[in-house]
Amino acid sequence: ATVNLHALTSWVGITRLFAVVLSCLTFSLVASTGKFGGPSGTWCMFTWCFCFIVTLLVLLLELLELYPMLPLSWDDFTSAFCMLATLMVFTSSVVFPATFISSPCSSNECARQAVATTASCLCFIAYAIEVGLTRAKPGDISSFLSTVPGLLKVFEAYVACLIFSLLDEYNKESGLLWCVAVYSICFIFTFLIIILTIGRCLAYIPCPLDKILVGYNFLALLMYITATVLWPLYSFRGRGRPSSCDRNCSWDKHLGVTFLTIFNLIAYLVDVVYSSRMVFI
């Protein structure tokens, strides 16, 4: 192995170092309070620890120039990971203070939680900057997942995972079952595209893959249009928000799924536009 100091001194390397330090600081402060129980706290701690470990591993592999030995597309992997880390840390930066920080915040424990939240927000900014630095320039398609359509694939898969985490009481309506089928089918195909791209397997498919991706994006867009209409129609038809609606309220979860469905609809629309321009223009 040879040492490549440019992996640490480049702008991308510096942002990764900041992300490592900030994620480590965040989960250390939260762990010192001992209050991160429940699904929300577990998710936040997993996010910070996962991003810390993978980013540190990326830095070490690039510092020692060992990444060419891996059987994957390194640029696609790092682009997909930094986009995923951006989304995960952003979610944790919102969920953690909303769940664990109460007002007024005057104790030493609350102060550590507030500092951890600030560090998490700065960590999100570091990953977002890395996405901007590694994004493919116009005309450069050597790394698909660093292009706008590739980054949107990661966004679409992540939002679908958030939708799955909020699904509740959908078995009684056929319209809701169709929406769940839409979320599942689109997630599976999008996830397969990401994995096959990172694994350098798309080149072995004997067909015009770029045109197939455009067709898939258009089909997914149509399916999400139906889900955007049917999900709120069947979820809130004749149902107002209950007066005793706590954090696990089914009505609030259905509202969250509605907004996430709209986000993914917009993502697939932008994906269709960009991928069509890349292929046909």
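By the naming in an unreviewed UniProt entry, the chain goes by MYADM protein and is assigned to Sakesphorus luctuosus.

Right, let's talk about the layout of surface pockets for a bit. One number sums up the size of the largest pocket: a volume of about 1200 Å³. Secondary structure elements with two or more residues in the lining of the largest pocket: helix H3 (38-63), helix H4 (74-100), helix H6 (148-166) and helix H9 (250-280). Per-element tally for the lining of the largest pocket: the top contributor is H4, with 8 residues. Among the residues making up the lining of the largest pocket, the classes are represented as 16 nonpolar, 8 polar and 4 charged. Mapped onto the domain boundaries, the lining of the largest pocket takes at least three residues apiece from domain 1 (1-142) and domain 2 (147-280).

Before going further, it helps to spend a moment on the domain arrangement of the chain. According to the domain assignment, the chain contains domain 1 (1-142) and domain 2 (147-280). For domain 1 and domain 2, the distance between their C-alpha centres works out to 25 Å. Regarding the contact of domain 1 and domain 2, the summed buried area is about 1300 Å², with carbon and sulfur atoms giving 74% of it. On the domain 1 side of the contact with domain 2, Met83, Leu87 and Arg135 bury the most area, a combined 29% of that side's loss. The tally of links from domain 1 across to domain 2 stands at 3 residue pairs in polar contact (both at pLDDT 80 or more). Of all the elements, H4 adds the most residues to the side of domain 1 that touches domain 2, at 11 residues. Among the residues forming the side of domain 1 that touches domain 2, the class breakdown is 12 nonpolar, 4 polar and 3 charged.

Cut-offs applied
- Residues numbered from 1 in each chain as written.
- Predicted model: local features only at pLDDT ≥ 70, side-chain atom pairs only at ≥ 80, totals over all residues.
- Heavy atoms only, no water.
- 1 Å grid on protein atoms, 1.4 Å probe; cavity = no way out; pocket = protein on both sides within 12 Å on 5 of 7 lines; lining within 4 Å.
- Points joined across faces, edges and corners; volume = space filled by probe spheres on them.
- Helix = DSSP H or I, 4+ residues; strand = E, 2+ residues; numbered from the N terminus.
- Nonpolar A, V, L, I, M, F, W, Y, C, P; charged D, E, K, R; others polar.
- Domains from an automatic or database assignment.
- Buried area = accessible area lost by both parts, 1.4 Å probe.
- Polar contact = N/O pair within 3.5 Å; in protein donor to acceptor, adjacent residues only side chain to side chain.

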